[in-house]
Amino acid sequence: MLMHGGMVREEVNSLGKHRGWYVIMPDGVQDIFSMNFVDGYSLGPHCIVGRMSLDRSRWELEETVRWAFNRETLLGKAAIRYILPVEYDTFFELYGGQYTEDFDAAPTMPMTHSFLASSICGWNHYKLYERTSAGFRFATPVTFDLKISANIGWERRRALQNSKHRNLFGAYAQSNDPRVKVPGTASELTWYEGPIDAELAKASVRFDYLHQRSLLVIDDMTMQETSRYPLLSLLLDFGAGKNRDADRFKFLSVDARASQSLALPRENDLLSYMGSAGFMLSNGTIGLADMHHFDASLFWWQRTQQVSRFSLLDNYELSTPRRWVEGHVEWNSRRMLFNSLVPRQYVVWREFIQLHAVKVPDHRLHYEAQYGIDLMKTIRVGISIGFDGATYRGTAVTMALDLNAARKK
């Protein structure tokens, strides 16, 4: 658990049921030691401590406490949650703390992977701010096919600058100022000049509808849901507060999306897709942290390869406070191009083709195509080509590899 991530748990009791304490460290040593160019090196535990009841409901405390050496600051956040037995697909949570966060609340690169990108390659195209927050969230099915997730909270934000400027190998990092796209240009980026410091109340609701949903209970802590139909989601976000200049603002974001992974009869092919469209209504100046973000990163090595990822867009390049539409599709096959030339019994890899497109106001349509090889569902290597309208954007080599998952295989 300490080296590679995992769980330590009390043994089965005399009645053959799991009961008692457990500790989870998802990423092992990376949950203890971290580095970014804002905090510098930081040390402290991130773990989940829980207790299982005989009815398989459980309480969990998730905490992250770190001392940031370069900033000489103690950072911490925690959440306490009550989780019903897995077949109920329900939890309730109280959370709060003060921590360094990405402007994108759900970044393509998780912070544990960003640590490797920064410390080894000097990569910090992700940008950070200080977030002090408190709130309550929950998720539960309304009907068997319809699930609701909600969050209500308060937060205060503060802009940060780099306290460390070079990595282990002496490579200089970018400043911590986010970069966004200049309207009307193909690829030119400029520094974001909008507000960062702010104080606001936020509320969000998400509806997920999966027709004829089936639940597969794997164990007393793990469940999967499946269906022959697409997952339809509606996300509503509302916020109101004031920014650094005491200017008041409020916004409503509406995002509708559909996603699905289909097993095709031909050669066990897989077809995956995701489409999203939405808009924001606002009064006042909306900060970058509240804008709509896309799954985008120029870094060549990712931990996972989501079907929705743009590999030729920078992190916040097309983040928008107005409206958007995007679409993604992947075809994954054992008999496509090169593997069709090899006898079936020797084929240990799959090939995939991806297409991506996004359109936001004041920018041309951005679209990408990617071809790659999927080796034993562990490592993916591909090459992408992208365009802004009719303008050639560039070509990139990409790799997706989760070291912890690969080690377990």
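Above this note sits the structure.
Residues numbered from 1 in each chain as written. Predicted model: local features only at pLDDT ≥ 70, side-chain atom pairs only at ≥ 80, totals over all residues. Heavy atoms only, no water.

## Regarding the packing of aromatic side chains
Under the defined criterion, the tally for this structure stands at 13 aromatic pairs. For the pair Trp 123 and Phe 299, a centre-to-centre distance of 5.2 Å together with 50° between the ring planes defines the contact as tilted. Of this pair, Trp 123 sits in the loop between α1 (111-121) and β9 (128-141) while Phe 299 sits in the loop between β18 (270-283) and β19 (301-302), placing them 176 residues apart in sequence. Phe 299 gets classed as buried once you look at its relative accessible area, which sits at 3%. (Phe/Tyr/Trp six-rings, centres within 6.5 Å; stacked < 30°, edge-to-face > 60°. Helix = DSSP H or I, 4+ residues; strand = E, 2+ residues; numbered from the N terminus. Buried < 20%, exposed > 50% of the residue type's maximum accessible area, 1.4 Å probe, protein only.)

## Comments concerning unusual backbone geometry
Positive phi outside glycine occurs at Arg 56, with the angle close to 75°. Within the element layout of this structure, Arg 56 appears in the loop between β5 (46-52) and β6 (58-68). Non-glycine residue Asp 89 carries a positive phi angle of around 50°. Structurally, Asp 89 can be placed in the loop between β7 (73-83) and β8 (91-102).

## Some remarks on the pattern of salt bridges
Close approach of charged atoms allows side chains with opposite charge to pair. This structure, assessed with the given rule, holds 29 salt bridges. Here Arg 56 and Glu 87 are joined by a salt bridge, their closest N and O atoms 2.7 Å apart. Of this pair, Arg 56 sits in the loop between β5 and β6 while Glu 87 sits in the loop between β7 and β8, placing them 31 residues apart in sequence. Between Asp 208 and Arg 206 there is a salt bridge, with the nearest N and O atoms lying 2.9 Å from each other. Looking at Arg 206, the relative accessible area reads 28%, which means it is partly exposed. (Salt bridge = Lys/Arg side-chain N within 4 Å of Asp/Glu carboxyl O.)

## Focus: the side chain of Asp 255
Positionally, Asp 255 belongs in strand β17 (residues 248-263). On the accessibility criterion, Asp 255 (4% relative accessible area) is buried. Polar contacts involving the side chain of Asp 255 include one to the side chain of Ser 276, which spans 2.8 Å. Setting aside residues no more than four positions away along its own chain, Asp 255 makes contact with Ser 233, Leu 234, Leu 235, Ser 276, Ala 277, Gly 278, His 292 and Trp 324. (Polar contact = N/O pair within 3.5 Å; in protein donor to acceptor, adjacent residues only side chain to side chain. Contact = heavy atoms within 4.5 Å.)

## Quick notes on the pairing of β18
Two elements, β17 and β18, share 14 bridges in a ladder whose sense is antiparallel. Directly across from Ser 253, in β18, lies its bridge partner Met 280. Looking at chain direction, β18 and strand β20 (residues 323-333) are connected through ten bridges and run antiparallel. Its bridge partner being in β20, Leu 270 is matched across the sheet by Asn 332. (Pairing = 2+ DSSP bridges.)

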